[in-house]
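Tertiary structure, described
If you want the building blocks of each chain, they are given just below.
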Amino acid sequence: MDRFINKTKQIIFAQQGGIFSSALIISGMIVISGVFGFLRYRILAGYFTKEELDIFFAAFRLPDLIFEILITGALTSSFIPVFIKYQKNKEELEQHISSIFNLLLIILVMIVIVLYFSMDSLIPFITPGFKGEKLMQVILYSKILLISQLPFLVAGNFLTGIAQAHKTFFITSVAPILYNLSVIVGTLLFASQFHLLAPILGVSVGAVLFFLIQIPIIITFEIKYRLTIKITNGVKEFFKMIGPRILTVIITQIDATIDLSLTSLLGSGSYTIFYLAQHLQLLPVSVIGVAFGQASLPYLSEMVEQGRQDELKKIIIESLLNLFFFTVPIMVFFVFARTPLIRVFFGGEKFDWDATVQTAYTLSYFALSLPFHAVYYFLTRCFYALFDSKTPFIISLFTIALNTLLSLYFILVVKLPIWSLAISFSVSVIANSTILFIILSARLKNMDIPFFIKEISKMTLASCLASLPAYYLIKLMDNLLLDTTRTINVFVLLTSSALLYFLLYLLLSWLLNIKEMYSISRLFAKAKLFQKKITEITSYE
């Protein structure tokens, strides 16, 4: 039994040896979490109409804003470089960690108090299209989430930052799975009795579980928490770095809030359509782009700290090409298979055909920026590793302004439907990642840009050629072979076309001699190694 426990601890708290293996662990757990996440959405679509889901999703807007500022703005971008810089002196490191956490906790409490008592005024302002009982429900649920969900998510993500700084990613990837599972169980068990309040309570319980499961991180890495605040050099560096990043997140969240305001003017159910399409596009972005970005920061920071410039340039080009190799074909697939995708993921009992068609169109326009969105997270980590958060902030400021102006123009002036907001989003994301790459390549110099462009062009060609047979297979099966009024048949149709498409893509990648084709073999090698470790803990005597 002791052997089993020790082996299990080795798996859970194992330090990864490279970016690819770290990204593989994170991606695998994000996939599992994503399955539960979209099962959550499908269950919600089966229990509630799109008009009712407007209330549920809108209630997250202000709590999410604060969460993104404190976590995405502070911890994920600035904490790890500071941690790595001071990790050799444990006592000094613990002083930095405790002071940073305590300061963030004070800031969180102050913001929660102010927002709670301002909610009655803020919600009507950001949702001008919501009236009466619908508006009152959004206010109530927003207050519940602000108090019961937000503090535990912030504390849990602080522990996530400590684990990732130690290059440990397994346990931090399990936490979101429990979060999604809690929402699913809450909806299934209590929706008939408490209606929309059931998934809200599920979210609250999930946030507590998200925090509790990560408490062993402190014990394992022997981090001693201190109830003190000292303005040390590490604390100064941390808050110096988070300034531009927090401003970037604030502007991004303002832009997201404007999207909520505009969709509320387009009629009931519009925000649900926008929200679901955007989150389906975010699934591959999270699995590939966010995972790779999270995994890369500790390694990039070490290279910069040790002055390994040539190795840094090489790994940046290789990493970007790997990201494009996986995301370009997904982008094309999301465009030509958009309707069956929406039906499989969100085709609940109360999600009608009109909602399916509008969500499918919106998804296809979101998908256009999918590869650029995925590489964005890695590119920003490159700048953070260089202790530069100002450049991403300035670029984000410009592209977010572009997104906002285009959104306002499309909705208020040209009067386009909901999918026009996805076009605005894609244009701004493509511009953001492109400008980031141009500046990064100019700063590091002598990066192999011609090879980079050539490889991406071959990936795009392979994806487009592979899509033609897969698209016509969907048409053939839909019209002649399957009764697609049944979800199981839609799933068979989607799986068949996806299998044909991705096999053709791999074949064409081999014929076009795309170098990143060999990253597939590395992925399977890493997966087999991890499977071997899992087998070891089950074969004890």
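Structure shown above.
One structure accompanies this document, and this report is about it. Here the structure is a predicted model, which means the values were calculated and not measured. (Residues numbered from 1 in each chain as written. Predicted model: local features only at pLDDT ≥ 70, side-chain atom pairs only at ≥ 80, totals over all residues. Heavy atoms only, no water.)

**Focus on the overall build of the chain**
Within the chain one finds 21 helices and 0 strands. Counting only residues that meet the buried cut, the chain has 55% of its 541 residues in that class. A fraction of 86% describes how many contacts in the chain between residues 6 or more apart in sequence connect residues 24 or more apart. Accessible surface for the chain amounts to roughly 23,300 Å². Of this, 68% is attributable to carbon and sulfur atoms. (Helix = DSSP H or I, 4+ residues; strand = E, 2+ residues; numbered from the N terminus. Buried < 20%, exposed > 50% of the residue type's maximum accessible area, 1.4 Å probe, protein only. Contact = heavy atoms within 4.5 Å. Areas by Shrake-Rupley, 256 points an atom, 1.4 Å probe, with all protein chains shown as cover.)

**Some thoughts on helix α20 (residues 487-511)**
Because an α-helix packs 3.6 residues into every turn, residues spaced three or four apart end up facing the same way. Between its first and last C-alpha atoms α20 spans 36 Å; for 25 residues at 1.5 Å apiece the expected length is 36 Å, and the two agree. Among the residues making up α20, those that are buried are Asn489, Val490, Leu493, Leu494, Ser497, Ala498, Tyr501, Tyr505, Leu508 and Ser509. Of the residues trailing α20, Asn513 is marked for its positive phi of about 60°. (Expected span 1.5 Å × (residues − 1).)

**A short note on a nonpolar patch on the surface**
There is a patch of nonpolar side chains on the surface, built from Tyr47, Leu181, Val185, Leu188, Leu189, Phe190 and Phe194 and spanning about 600 Å² of accessible area. Here the element with the most residues in the nonpolar patch is helix α8 (residues 170-194); it accounts for 6 residues. Positionally, Leu188 belongs in helix α8. With relative accessibility at 45%, the residue Leu188 sits in the partly exposed group. (Patch = residues over 30% accessible without salt bridge, like charges linked within 9 Å, V, L, I, M, F, W, Y side chains within 5 Å. Salt bridge = Lys/Arg side-chain N within 4 Å of Asp/Glu carboxyl O.)

**Concerning the packing of helix α13 (residues 309-336) against α20**
At a closest axis distance of 11 Å, the pairing of α13 and α20 adopts a crossing angle of 140°. Of the possible angle classes, the one that applies to α13 and α20 is oblique. For the pair α13 and α20, the crossing hand works out as right-handed. Across the interface between the two elements, Phe325, Pro329, Ile330, Val332, Phe333 and Phe336 of α13 pack against Leu494, Ser497, Ala498, Tyr501, Phe502, Tyr505, Leu506 and Ser509 of α20. Grouping the amino acids of the contact of α13 with α20 by side-chain chemistry returns 12 nonpolar, 2 polar and no charged. (Axes fitted to C-alpha atoms, helices over the stretch in contact; angles between N-to-C directions. Parallel < 35°, antiparallel > 145°, perpendicular 65-115°, else oblique. Left-handed = near helix turned anticlockwise from the far one by under 90°. Nonpolar A, V, L, I, M, F, W, Y, C, P; charged D, E, K, R; others polar.)

**Observations regarding the packing of aromatic side chains**
Counting across every chain of the model gives 29 aromatic pairs. Ring geometry for Phe345 and Phe346: centres 6.2 Å apart, planes at 50°, overall tilted. The class for Phe346 is buried, based on a relative accessible area of 0%. Centroid distance Tyr471 to Tyr472: 5.4 Å. Interplanar angle 75°. Geometry classified as edge-to-face. For Tyr471, a relative accessible area of 31% corresponds to the partly exposed category. Relative accessible area serves as the criterion here: at 55%, Tyr472 is assigned to the exposed category. (Phe/Tyr/Trp six-rings, centres within 6.5 Å; stacked < 30°, edge-to-face > 60°.)

**Some words on the side chain of Gln214**
Turning to its location among the elements, Gln214 is positioned in the loop between α9 (197-212) and α10 (216-220). Among the polar contacts listed, one links the side chain of Gln214 to the backbone oxygen of Phe210, at a separation of 3.1 Å. In this view, Gln214 contacts Gly156, Leu159, Thr160, Thr172 and Ala175; residues no more than four positions away in its chain are not counted. (Polar contact = N/O pair within 3.5 Å; in protein donor to acceptor, adjacent residues only side chain to side chain.)

**Looking at the packing of α13 against helix α16 (residues 370-385)**
Close contact between α13 and α16 brings their axes to 7 Å; oriented N to C, the two are set at 155°. Relative to α16, the element α13 lies roughly antiparallel. Between α13 and α16 the crossing geometry is right-handed. Where α13 approaches α16, its residues Ile315, Ile316, Ser319, Leu320, Leu323, Phe324, Thr327, Val328, Ile330, Met331 and Phe334 are matched on the opposing element by Leu370, Pro371, Ala374, Val375, Phe378, Leu379 and Cys382. Its residues placed into classes, the contact of α13 with α16 shows 16 nonpolar, 2 polar and no charged.

**Points about helix α3 (residues 50-58)**
Burial within α3 is extensive, with 7 of its 9 residues counted as buried. If you check which residues of α3 are buried, you get Lys50, Leu53, Asp54, Ile55, Phe56, Phe57 and Ala58.

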